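# Chain and residue survey
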Amino acid sequence: NDELKQELFLAWKTDVCSACVEFPGSEESSEEVTEVVCLESDLQDGQMMEVEVGRQTVLLARTEGKYSAIGNQCTHYGAPLSQGVLSGHRLYCPWHGSCFNVLTGDVEEFPGMDCLPCHKVQSLVFRLFSIVSIKYQMKITGAASLSCAEILRQEHFGGRIIIVTKDDLLPYDKTRLSKVHDSIVLRKSEFFHQYDIEVWLRKEALSVDTDRKSVTFNDGSVHSYDQLLISTGSKGLDVPGRKLKNVMMLETPEDARRIHSACVGANVVVVGTSFVGMEVASYLIDKAIGITVIGSSELPYQNTLGREIGKMLSEKEVLACIVLKSGKVIPTDVLIVGIGSYPNSQFLQGSKVKMDSKNFVLVDKFMRTNVPDVFCGGDLAIFPLVMAKNHLVNIGHWQMAQAHGRIAALNMMNNATELASVPFYWTVLLGKTIRYAGHGEGYTEIAIKGTFEEQKFLVLYIKEDVVIAAASLNYDPAVSAVAERLVTGRVITKKEAQSDDLSWLQLS
Ligand SMILES: Cc1cc2nc3c(=O)[nH]c(=O)nc-3n(C[C@H](O)[C@H](O)[C@H](O)COP(=O)(O)OP(=O)(O)OC[C@H]3O[C@@H](n4cnc5c(N)ncnc54)[C@H](O)[C@@H]3O)c2cc1C
Ligand SMILES: *[C@@H]1O[C@H](CO)[C@@H](O)[C@H](O)[C@H]1NC(C)=O
Ligand code: FES
């Protein structure tokens, strides 16, 4: 039957996919399903499509002549991957920068935590294809320390792994603190148990002795290490009066709870017009009586996203808040301070670990500090950014902290691997997400696609005739397409950015 020969068959089977490297002890749950899903001619090389199999959506891709099928839901926050950007074997999520290998389902860029269910594709007689699929869980996760611990286990490190934090909660998704208030723990305690990762809570590091290879904690204990990852992150400005009852900062889940309860029905002033300050204001809009946002720049986000987006956001009343210039006195019930990014590195004072003038820790592309066996990553680190010609930068992004943890883990295991990730950030304002990829420092020009009026736009930041960053609102997956180009080192020229031909952005 000629027609049948042209069709694509999909089958679920209990075989373990050989392409997938399993996380030890991972679970398998599978069923076998065979269904006709599409014609072979429906899918050209470099294309992908969603197909329904056994009431599940699977993503079918054809790359370099090969068919592959993986889960269609991003393991970060569930974006439909069929709306992402496919480049070779790499599939970029349309939402927050995760990248997956379509052949194996592996996570190749964070913030995705687990790899995707992977389906093996077999080419049979004529043009029939059958797709054999298994489902399995557990792979990669968390910000710097958690991703480091998980990668160590994934790479079969057999020694002891200890995560120490002064927090009283297992590693959590900090990015959710200012956006939603729900369960934010990244991994349950069973997970840490299963992979033999110790987590010590409520323990603050006071000093590090790199000669003796030991860390001293606030309970008086001293613990030795063979290799150390320092990823204590950053904190906001230590303002005078910080300890006052109605002065708050947002750094922990406890802070989030306090802010929420203090602000319901109150007059609130938020200091800081960058991401955290604006997100908090937006979160409180339907909870507080009045909100005033104070910033030192003329427009919100001016220092990060630029004047144009800042202007649009204030004009279009995406934010119903006022940005004040100085000189006014505002009565308030609660003051939220959302400015500054200061390193949590006091405990390294007097150690041999090299820091810059602002006390951020200097590392190389392997996340190594100047001291052997001491690594650093996340908000605390100053590192060479490949896409910015190895310029030393400090980047306070969730995805970058995770990438740092991964690179530190690989290098701890003598698997020399350089950091090559491109920064990716997102911020949510009144339910709208602005995405940002790249490193826009020092841009001199911009190119705008779409319109600010309709709140549907892409801004490309240009420096020396090359695109160095992009920001978007309602313009997916353009920022992911830009991230893909920056990761692979394929220059986006100013001419290309200004052209009306947008095909390279793979807009859906
Ligand atoms: C409210 C908020 C919203 C954010 N939203 C986003 C977003 O939408 N997208 C995005 O990309 N990024 C966002 N970020 C930034 C992101 O959370 C950070 O870049 C990321 O968490 C940095 O990871 P890290 O591993 O370096 O440090 P952290 O995740 O900050 O972890 C540091 C840990 O070290 C502990 N610690 C500090 N000092 C000590 C000590 N002396 N001893 C023991 N433990 C110590 C801390 O308690 C903490 O548990 C947000 C940050 C905040 C605060
Ligand atoms: C090094 O790490 C990469 C990435 O995880 C992995 O594919 C490779 O097998 C590792 N190499 C060795 C020698 O362990
Ligand atoms: S949903 Fe895919 S990266 Fe967040």
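Use the structure listed above.
The structure reproduced in this document is the subject of the present report. A quick note: this is a predicted structure, and the numbers were derived from the prediction, not measured.

## Considerations on the packing of helix 2 (residues 144-154) against helix 7 (residues 398-412)
It is at 7 Å that the axes of helix 2 and helix 7 come closest, and there the two elements cross at 40°. Seen from above, helix 2 lies across helix 7 with right-handed handedness. Residues Ala144, Ser147, Cys148, Ile151 and Leu152 of helix 2 form the contact with helix 7, whose own contacting residues are Ala401, Gln402, Gly405, Arg406, Ala409, Leu410 and Met412. The class makeup of the residues in the contact of helix 2 with helix 7 is eight nonpolar, three polar and one charged.

## Structural notes on the sheet that holds strand 16 (residues 222-224)
Strand order across the open sheet formed by three strands is 14-15-16, with antiparallel pairing between neighbours. The open sheet has two edge strands with one neighbour each: strand 14 (205-209) and strand 16. Mean inter-strand twist for the sheet, computed between neighbouring axes without regard to direction, equals 20°. Relative to strand 15 (residues 214-217), strand 14 runs antiparallel, the two being bridged by four bridges. Paired with Asp209 across the strands is Ser214, a residue of strand 15.

## Points about the sheet that holds strand 9 (residues 107-109)
Strand order in this open sheet of four strands is 6-7-8-9, and the pairing throughout is antiparallel. Both outer strands of the open sheet, strand 6 (85-87) and strand 9, are each paired with one neighbouring strand and no more. Put simply, the sheet's adjacent strands are angled 30° from each other on average, direction ignored. The pairing of strand 8 (residues 99-101) with strand 9 spans two bridges and is classified as antiparallel. Of the residues in strand 9, the one forming a bridge with Cys99 is Glu109.

## Structural notes on the site of ligand 2
Taken together, Glu155, Arg406, Leu410 and Asn415 are the residues near ligand 2. In this structure, an oxygen atom belonging to ligand 2 sits 3.1 Å away from a side-chain N or O atom of Glu155. Notes on ligand 2: free accessible area 360 Å², of which the protein chains cover 36%. Its residues placed into classes, the shell around ligand 2 shows one nonpolar, one polar and two charged.

## Side note on the environment of Leu284
Looking at where Leu284 falls in the secondary structure, it is placed in helix 5 (residues 275-284). The class of Leu284 is buried, set by a relative accessible area of 0%. The sequence separation of Leu284 and Leu430 amounts to 146 residues, and the corresponding C-alpha distance is 9.7 Å. Once residues lying within four places of it in the same chain are set aside, the contact partners of Leu284 are Cys263, Val268, Ile291 and Ile336.

## Overview of the site of ligand 1
Near ligand 1, the surroundings consist of 27 residues, among which Asp167, Lys174, Lys179, Ala205 and Asp379 are the closest. Within the backbone of Lys166, an N or O atom sits 3.1 Å from a nitrogen atom of ligand 1. When contributions to the shell around ligand 1 are tallied by element, the ones reaching two or more residues are helix 7 and strand 29 (424-429). Across the shell around ligand 1, the residue classes break down as ten nonpolar, ten polar and seven charged.

## Some remarks on the pattern of salt bridges
If the charged atoms of two oppositely charged side chains come close together, the side chains can form a pair. Evaluation of the coordinates by the stated rule reveals 22 salt bridges. The partner of Arg187 in a salt bridge is Asp114, and the shortest N-O contact between them spans 2.8 Å. With a gap of 73 residues between them, Arg187 in the loop between strand 12 (161-164) and helix 3 (189-194) and Asp114 in the loop between strand 9 and strand 10 (118-123) connect regions that are remote in the sequence. Assessed through its relative accessible area of 7%, Arg187 is described here as buried. The closest approach of N and O atoms between Glu464 and Lys389, which form a salt bridge, is 3.5 Å.

## So, unusual backbone geometry
Backbone torsion omega between Phe110 and Pro111 reads 15°, so that peptide bond is classified as cis. Of note, the bond from Asp476 into Pro477 is cis; its omega dihedral lies within 30 degrees of zero at -5°. The residue Pro477 is located in the loop between strand 33 (466-473) and helix 8 (478-487) in this model. Unusually for a residue other than glycine, Arg202 sits at a positive phi of about 50°. Relative to the assigned elements, Arg202 resides in the loop between strand 13 (197-200) and strand 14. Look at Met367: it is not a glycine, yet its phi comes out positive at around 65°. Position of Met367 relative to the elements: it lies in the loop between strand 25 (361-362) and strand 26 (374-376). On the basis of relative accessibility, which here comes to 0%, the residue Met367 falls in the buried class.

Conventions and cut-offs
Residues numbered from 1 in each chain as written. Chains lettered and ligands numbered in written order. Predicted model: local features only at pLDDT ≥ 70, side-chain atom pairs only at ≥ 80, totals over all residues. Heavy atoms only, no water. Axes fitted to C-alpha atoms, helices over the stretch in contact; angles between N-to-C directions. Helix = DSSP H or I, 4+ residues; strand = E, 2+ residues; numbered from the N terminus. Left-handed = near helix turned anticlockwise from the far one by under 90°. Contact = heavy atoms within 4.5 Å. Nonpolar A, V, L, I, M, F, W, Y, C, P; charged D, E, K, R; others polar. Pairing = 2+ DSSP bridges. Near = heavy atom within 4 Å. Polar contact = N/O pair within 3.5 Å; in protein donor to acceptor, adjacent residues only side chain to side chain. Areas by Shrake-Rupley, 256 points an atom, 1.4 Å probe, with all protein chains shown as cover. Buried < 20%, exposed > 50% of the residue type's maximum accessible area, 1.4 Å probe, protein only. Salt bridge = Lys/Arg side-chain N within 4 Å of Asp/Glu carboxyl O.

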